[in-house]
Amino acid sequence: MLLPRILSAIVMVILFVCAVFVLEKSSFILAMGGVVLLAGWEWARLSGFKSPLARLSFVVIVGAFCFLIYDQNAQKTILYIAPLLWLAALYWVVSYPSLKLWQYKVARLLFGLLVLTTTWSSLAVLKETHNFVAWVLLLMGLIWGADSGAYFSGKAFGKNKLAPHVSPGKSWEGVIGGLVFTQIGLAVYSCLVAFSITQWGTLAFIGLITVAVSVLGDLTESLFKRHESLKDSSRLIPGHGGVMDRVDSLTAAAPIFVLLLSVFGWL
């Protein structure tokens, strides 16, 4: 099981590097659209739809919605929905296992449609920027750094469960460790690029919110999987589960990250 996991990880890294450093704008947007459609196939399953036809229908709807907002202004506008989506997700996670609207299949499908399209839109908007490579690497660094920091600090100090009914393995100590680790990384980055104190403070705030929301993205997918009694969103990626298992944090972090960059005038 370890070998397929390692090989899959290598392939994913190669694909990520190609997407960021090689693909032109249109190719990148189409490639990210493909990832979103695969995630949509899995999201329909997380929403309680097992029929291939029903899941395919949802994929078509996601694709059609992305096509409708292909214009950059529309992509930027839809990002303002993201804070409302993740506030709703926070309410669901905190109140679980009480059934608070999300148990309805239509509610989960609508939530997924908006989550996936805001994710795709945020990456498309980011691709338009002159500093695309720096921003996307910073975004992924925040997600991966938070995950790594949370893992090690959780292993070492984790005692207080973050959301025991949703994801028993996560602790408050792990989350704090992830936040501290990423803030250290942002401090180093700010020094390397000679940011002013104001710029550093702004980036630190953006990083703090982005990391916090990335944790929520992970918890939200865990909630839906637990409700459907699923271990993974699919078995598409050997040793890693499905696409949603790999991008759950990204679906929450990317729209918020890009929206905050835009609000602060950095895009």
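Up top you'll find the structure we're talking about.
Residues numbered from 1 in each chain as written. Predicted model: local features only at pLDDT ≥ 70, side-chain atom pairs only at ≥ 80, totals over all residues. Heavy atoms only, no water.

Things to note about the overall build of the chain
Right, on to step 1. Per the secondary structure count, the chain includes 10 helices and two strands.
Right, on to step 2. Listed by position from the N terminus, the elements making up the chain come as α-α-α-α-α-α-α-β-β-α-α-α.
Right, on to step 3. Against the globule reference of 18 Å for 267 residues, the chain gives a C-alpha radius of gyration of 18 Å, in line with a compact fold.
Right, on to step 4. With respect to the three principal axes, the spread of C-alpha positions in the chain is 55 × 45 × 40 Å.
Right, on to step 5. The burial tally for the chain puts 48% of its 267 residues in the buried class.
Right, on to step 6. Within the chain, residue pairs in contact and separated by at least 24 positions form 74% of the contacts whose partners lie at least 6 positions apart.
Right, on to step 7. With an accessible surface of roughly 13500 Å², the chain has 70% of that area assigned to carbon and sulfur atoms. (Helix = DSSP H or I, 4+ residues; strand = E, 2+ residues; numbered from the N terminus. Rg over C-alpha atoms; globule rule 2.2 N^0.38 Å. Buried < 20%, exposed > 50% of the residue type's maximum accessible area, 1.4 Å probe, protein only. Contact = heavy atoms within 4.5 Å. Areas by Shrake-Rupley, 256 points an atom, 1.4 Å probe, with all protein chains shown as cover.)

Points about the packing of aromatic side chains
The way to describe two aromatic rings as a pair is by their centre distance and the angle between their planes.
Right, on to step 1. Under the definition given, this model contains 17 aromatic pairs.
Right, on to step 2. Ring geometry for Trp 135 versus Phe 257: centroids 6.2 Å apart, planes at 70 degrees, classification edge-to-face. You can see Trp 135 sitting in helix 7 (residues 132-157) and its partner Phe 257 sitting in helix 10 (residues 243-263), a full 122 residues away along the chain. Comparing Trp 135 with Phe 257 shows no difference in burial state: the two are buried.
Right, on to step 3. Through a chain of ring-to-ring contacts, the aromatic side chains of Trp 43, Trp 86, Trp 92, Tyr 96, Trp 102, Phe 111 and Phe 224 assemble into a single cluster. (Phe/Tyr/Trp six-rings, centres within 6.5 Å; stacked < 30°, edge-to-face > 60°.)

Notes on a nonpolar patch on the surface
Right, on to step 1. Taken together, the side chains of Trp 172, Ile 176, Val 180, Ile 184, Val 188, Leu 192 and Val 193 present a nonpolar region at the surface, about 690 Å² in accessible area.
Right, on to step 2. For Ile 184, a relative accessible area of 51% puts it in the exposed group. (Patch = residues over 30% accessible without salt bridge, like charges linked within 9 Å, V, L, I, M, F, W, Y side chains within 5 Å. Salt bridge = Lys/Arg side-chain N within 4 Å of Asp/Glu carboxyl O.)

Digging into the packing of helix 2 (residues 25-46) against helix 6 (residues 105-127)
For any two helices packed against each other, one specifies the crossing angle of their axes together with the interaxial distance.
Right, on to step 1. Interhelical geometry of helix 2 versus helix 6 gives an angle of 165 degrees and a closest axis separation of 10 Å. In this view, helix 2 runs roughly antiparallel relative to helix 6, as classed from their interaxial angle. Crossing angle aside, the handedness with which helix 2 passes helix 6 is right-handed. Counting all contacts with helix 2, which are made through Lys 25, Phe 28, Ile 29, Met 32, Gly 33, Val 36, Ala 39, Gly 40, Trp 43, Ala 44 and Leu 46, the residues of helix 6 involved are Arg 108, Leu 109, Phe 111, Gly 112, Leu 116, Trp 120, Leu 123, Ala 124 and Lys 127.
Right, on to step 2. Considering only residue class, the contact of helix 2 with helix 6 consists of 14 nonpolar, three polar and three charged. (Axes fitted to C-alpha atoms, helices over the stretch in contact; angles between N-to-C directions. Parallel < 35°, antiparallel > 145°, perpendicular 65-115°, else oblique. Left-handed = near helix turned anticlockwise from the far one by under 90°. Nonpolar A, V, L, I, M, F, W, Y, C, P; charged D, E, K, R; others polar.)

Topic: the pattern of salt bridges
Right, on to step 1. Following the criterion strictly, the structure yields five salt bridges and no others.
Right, on to step 2. For Arg 108, the salt bridge goes to Glu 228, with nearest N and O atoms at 2.9 Å. Here Arg 108, found in helix 6, pairs with Glu 228, found in the loop between helix 9 (197-227) and helix 10; they are 120 residues apart in sequence, far enough to count as distant.
Right, on to step 3. Lys 170 is the salt-bridge partner of Asp 218, the closest N and O atoms lying 3.2 Å from each other. Taken together, the residues Asp 218 in helix 9 and Lys 170 in strand 2 (residues 167-171) connect sequence positions 48 residues apart.

Looking at the nonpolar core
Right, on to step 1. Counting residues in hydrophobic clusters, the biggest one holds 73 residues, and the most contacted among them are Phe 58, Trp 86, Phe 111, Leu 116, Leu 223, Phe 224 and Phe 257.
Right, on to step 2. Setting aside residues no more than four positions away along its own chain, Leu 223 makes contact with Trp 92, Val 93, Tyr 96, Trp 102 and Val 166. (Core = buried A, V, L, I, M, F, W, Y, C linked by side-chain atoms within 4.5 Å.)

Observations regarding the packing of helix 6 against helix 10
Right, on to step 1. Where helix 6 meets helix 10, the closest approach of the two axes is 8 Å, and the angle between their N-to-C directions is 55 degrees. With respect to helix 10, the element helix 6 is oriented oblique. Relative to helix 10, the crossing made by helix 6 is left-handed. On helix 10, the residues touching Val 115, Leu 116, Thr 118, Thr 119, Ser 122, Val 125 and Leu 126 of helix 6 are Met 244, Leu 250, Thr 251, Ala 254, Pro 255, Val 258 and Leu 261.

A look at the environment of Lys 161
Right, on to step 1. Note that Lys 161 resides in strand 1 (residues 161-163).
Right, on to step 2. As a C-alpha pair, Lys 161 and Gly 178 span 17 residues in sequence and 15 Å in three-dimensional space.
Right, on to step 3. Setting aside residues up to four positions removed in sequence, Lys 161 forms contacts with Pro 168, Lys 170, Ser 171 and Trp 172.

Looking at the environment of Val 60
Right, on to step 1. Mapping Val 60 onto the fold places it in helix 3 (residues 52-68).
Right, on to step 2. Val 60 gets classed as exposed once you look at its relative accessible area, which sits at 53%.
Right, on to step 3. A sequence separation of 148 residues divides Val 60 from Leu 208, and the C-alpha atoms of the two residues are 35 Å apart.

Structural notes on the side chain of Ser 233
Right, on to step 1. With respect to the secondary-structure elements, Ser 233 resides in the loop between helix 9 and helix 10.
Right, on to step 2. A relative accessible area of 0% places Ser 233 in the buried class.
Right, on to step 3. Among the polar contacts listed, one links the side chain of Ser 233 to the side chain of Glu 42, at a separation of 2.9 Å.
Right, on to step 4. In contact with Ser 233, not counting residues within four places along its chain, are Glu 42, Arg 45, Leu 46, Glu 221, Lys 225, Gly 242, Val 243, Met 244 and Asp 245. (Polar contact = N/O pair within 3.5 Å; in protein donor to acceptor, adjacent residues only side chain to side chain.)

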